[in-house]
Amino acid sequence: MTAFGAFVARARSQGRLVVQPRMGMSRLDEMRLGLYATRNAAATTVGTLTVDSYTRTGALDEARRAIDDGTALNGYPIASYPPDVTRSLLRGIADEEFPVQVRHGSARPERIVAALLAAGLDATEGGPVSYCLPYSRLPLREAVTSWQRCCELLAAAQEAGAQPHLETFGGCMMGQLCPPSLLIALSVLEGMFFRQHGLRSISLSYAQQTHTGQDEESVAALIRIAADRLPDIDWHIVIYAYMGVYPQSPGGAQLLLDEAARLSVRTGAARLIVKTTAEAHRIPTVEENVRALETAAVVAGEEGRAPRTGIADTGIHEEACALIDAVLDLDADIGRALVRSFAKGRLDVPYCLHPDNAGRARSGLDSSGRLYWTDAGAMPVAGRAGAGRPATGSRELLDALSYVQRTFDERAFRTVAAPLPLSP
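Below: a short report on this structure. (Residues numbered from 1 in each chain as written. Predicted model: local features only at pLDDT ≥ 70, side-chain atom pairs only at ≥ 80, totals over all residues. Heavy atoms only, no water.)

1. Here's the deal with the overall build of the protein
Counting its secondary structure elements, the protein contains 15 helices and 11 strands. The C-alpha atoms of the protein give 21 Å as radius of gyration, which agrees with the globular expectation for 424 residues (22 Å, within 12%). If you line up the protein on its principal axes, its C-alpha atoms span 70 × 60 × 40 Å. Here the protein holds 424 residues, and the buried ones make up 56% of them. Partitioning the intrachain contacts of the protein with sequence separation of at least 6 by distance along the chain shows that 73% fall at a separation of at least 24. (Helix = DSSP H or I, 4+ residues; strand = E, 2+ residues; numbered from the N terminus. Rg over C-alpha atoms; globule rule 2.2 N^0.38 Å. Buried < 20%, exposed > 50% of the residue type's maximum accessible area, 1.4 Å probe, protein only. Contact = heavy atoms within 4.5 Å.)

In structure tokens form, the structure reads like this:
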């Protein structure tokens, strides 16, 4: 099987954006159908095995009972199926033309990583901060220790000739309302953590936010910093279609995905995690996922593959570097530095309720949809934070949470309602 990172690099060199669904089912026939449909989509795709909630939280006995009882789960219980079962699931589908990544959301994923390696897979994602603070109450120190072990498990596979790939989820923190300098810093810091513990192929994430121009500047900054801080390993950028409150109309949802595809092309990102037009209402079907993959590929193809130049500099790069340096100054061991940085408030995620997060930072949106700090707490961005801008109250927070949904639903309505041109 071709290594995940090598596959993406080859596609990028050929001018093709790799598109990927979020997909996971517990029934083997359904999961195999989903992978098969993804592979055969009219797009350059990679497959996804997203694990279930029991597996994500370590409740493997519950996952096993569900399998035995025939109860459907909300993902693939990779740590509860024997490795041979997963190998059979992938046989004839996963190969050098279609690598598969395991996605999980776990703050303590050793058993997931062990299971995917035993099944012949070597690509996964997450991170010690990005899969701890939003999704668990596990102490950050314990998550860092767990993720160090996971990195070492993956890195050990290199000795047997594998090329394991690990994607940081740091650029997707909280899904929305996290100013981009912090997303960039977390993505790079987790990438550096992976490298420090032996990984040589990684991807750095960035989630589409609320303003296209700001996103373009942010991804350009992420690429620039990654080139500087991770010069000796293979890496690429993965964009996530918006992860917050999604448009309720099919037209609005499609316009938002189109914008994510264009963002990927304009910034030179190599891979896009898609969302579907059903996202606001229910778990999408396989067919809806395939449609999203194919429409994103069409939009990307229409956009071309020349990254945009002349992007404005509003200080995001400088701010992200200040955050990264503030962490690295604390300890040569990046894991320990991350733990200490949250304890001191040098990293502080807005609206995150995890006990190890200082909880002083707040953000808001200006009238154009740009994210800004209203309070940066003890982070080294306080000089710029909230200058001349009002604090975010409950009403402003609710408006900000629904900003993208309203904007794209209204845009779709205007498109449908626009009068047809008169015939000559």
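2. Focus: the packing of aromatic side chains
Throughout the structure, instances matching the rule amount to eight aromatic pairs. Summarising the aromatic geometry, the rings of Tyr135 and Phe169 are spaced 6.2 Å apart at their centres and angled 45° between planes, so their arrangement reads as tilted. Here Tyr135, found in the loop between strand 5 (123-126) and helix 7 (140-156), pairs with Phe169, found in the loop between strand 6 (165-168) and helix 8 (180-196); they are 34 residues apart in sequence, far enough to count as distant. Plain terms: the ring middles of Phe169 and Tyr240 are 5.6 Å apart, the flat faces sit at 85° to each other, and that makes the pair edge-to-face. Pair noted here: Phe169 is in the loop between strand 6 and helix 8 and Tyr240 is in strand 8 (residues 234-240), with a separation of 71 residues, a long-range link. (Phe/Tyr/Trp six-rings, centres within 6.5 Å; stacked < 30°, edge-to-face > 60°.)

3. A closer look at the nonpolar core
Inside soluble globular proteins, nonpolar side chains tend to come together where they are buried. Core analysis: the largest hydrophobic core is formed by 119 residues, its most contacted members being Leu35, Leu49, Ile78, Leu182, Leu272 and Leu347. The element that contributes the greatest number of residues to this core is helix 8, accounting for 10 residues. Excluding residues within four positions of it along the chain, Leu35 makes contact with Met23, Gly47, Thr48, Leu49, Leu89, Leu90, Ile93, Phe98 and Val100. Within the second largest apolar cluster, eight residues are counted, among which are Val8, Val18, Val46 and Ala270. (Core = buried A, V, L, I, M, F, W, Y, C linked by side-chain atoms within 4.5 Å.)

4. A closer look at the side chain of Thr86
One can find Thr86 in helix 5 (residues 83-90). Taking the relative accessible area as the measure of exposure, Thr86 reaches 1% and is therefore buried. Leaving out residues up to four positions away in the same chain, Thr86 has contacts with Leu49, Tyr76, Ile78, Tyr81 and Ala119.

5. Digging into the pattern of salt bridges
Here the structure, examined in full by the defined rule, presents 20 salt bridges. Between Arg103 and Glu167 there is a salt bridge, with the nearest N and O atoms lying 3.3 Å from each other. You can see Arg103 sitting in strand 4 (residues 100-103) and its partner Glu167 sitting in strand 6, a full 64 residues away along the chain. The pair Arg103 / Glu167 is uniform in exposure class, with both members buried. What you see here is one network of salt bridges that share partners, running through Glu216, Glu259, Arg262, Arg266 and Glu303. (Salt bridge = Lys/Arg side-chain N within 4 Å of Asp/Glu carboxyl O.)

6. Digging into helix 6 (residues 110-118)
Of the positions making up helix 6, those classed as buried are Glu110, Ile112, Val113, Ala115 and Leu116. Remark: Gly120 follows helix 6 within two positions and exhibits a positive phi of approximately 90°.

7. A short note on the environment of Tyr403
On the secondary structure map, Tyr403 appears in helix 15 (residues 403-417). With 38 residues separating them along the chain, Tyr403 and Leu365 place their C-alpha atoms 8.8 Å apart. A distance of 3.2 Å separates a polar atom in the side chain of Tyr403 from the backbone oxygen of Ser368. (Polar contact = N/O pair within 3.5 Å; in protein donor to acceptor, adjacent residues only side chain to side chain.)

8. Focus on unusual backbone geometry
You will see that Met174, though not glycine, has its phi angle at about 70°, which is positive. Tracing the backbone through its elements, the reader meets Met174 in the loop between strand 6 and helix 8. Even without glycine at this site, Tyr351 takes up a positive phi of about 65°. Mapped onto the secondary structure, Tyr351 falls in the loop between helix 13 (334-344) and strand 10 (362-365).

9. Observations concerning the packing of helix 8 against helix 9 (residues 212-229)
Each pair of packed helices can be described by the angle between their axes along with the distance between the axes. Direction vectors running N to C along helix 8 and helix 9 enclose 25°, while the axes themselves pass 10 Å from each other. Here helix 8 lies roughly parallel to helix 9, going by the angle between them. Here the hand of the crossing between helix 8 and helix 9 comes out right-handed. Residues Pro180, Ile184, Ser187, Val188, Met192 and Arg195 of helix 8 form the contact with helix 9, whose own contacting residues are Gln214, Ser218, Ala221, Leu222, Ile225 and Arg229. (Axes fitted to C-alpha atoms, helices over the stretch in contact; angles between N-to-C directions. Parallel < 35°, antiparallel > 145°, perpendicular 65-115°, else oblique. Left-handed = near helix turned anticlockwise from the far one by under 90°.)

10. Quick word on helix 4 (residues 60-69)
All of the buried residues along helix 4 are Leu60, Ala63, Ala66 and Ile67. Down the axis of helix 4, the smallest arc covering the buried residues is 120°, so these residues share one side. For helix 4, the exposed residues set more than 90 degrees away from the buried face come down to Asp61, Asp68 and Asp69. Tucked inside the fold, the buried residues of helix 4 contact helix 3 (53-56) and helix 6. Note on helix 4: the residue one or two positions beyond its end, Gly70, has a positive phi of about 75°. (Arc of directions from axis to C-beta.)

11. Thoughts on the pairing of strand 7 (residues 201-207)
With seven of its seven residues buried, strand 7 lies for the most part within the structure. The alternating pattern of strand 7 places Ser201, Ser203, Ser205 and Ala207 on one face and Ile202, Leu204 and Tyr206 on the opposite face, and all of these are buried. As defined by bridge partners, strand 6 adjoins strand 7 across three bridges and the pair is classed as parallel. The residue bridging Glu167 from the neighbouring strand is Ser203, located in strand 7. Tracing the backbone out of strand 6, into helix 8 and back to the parallel element strand 7 gives a crossover that is right-handed. (Pairing = 2+ DSSP bridges. Right-handed = clockwise from strand over helix to strand, strands pointing away.)

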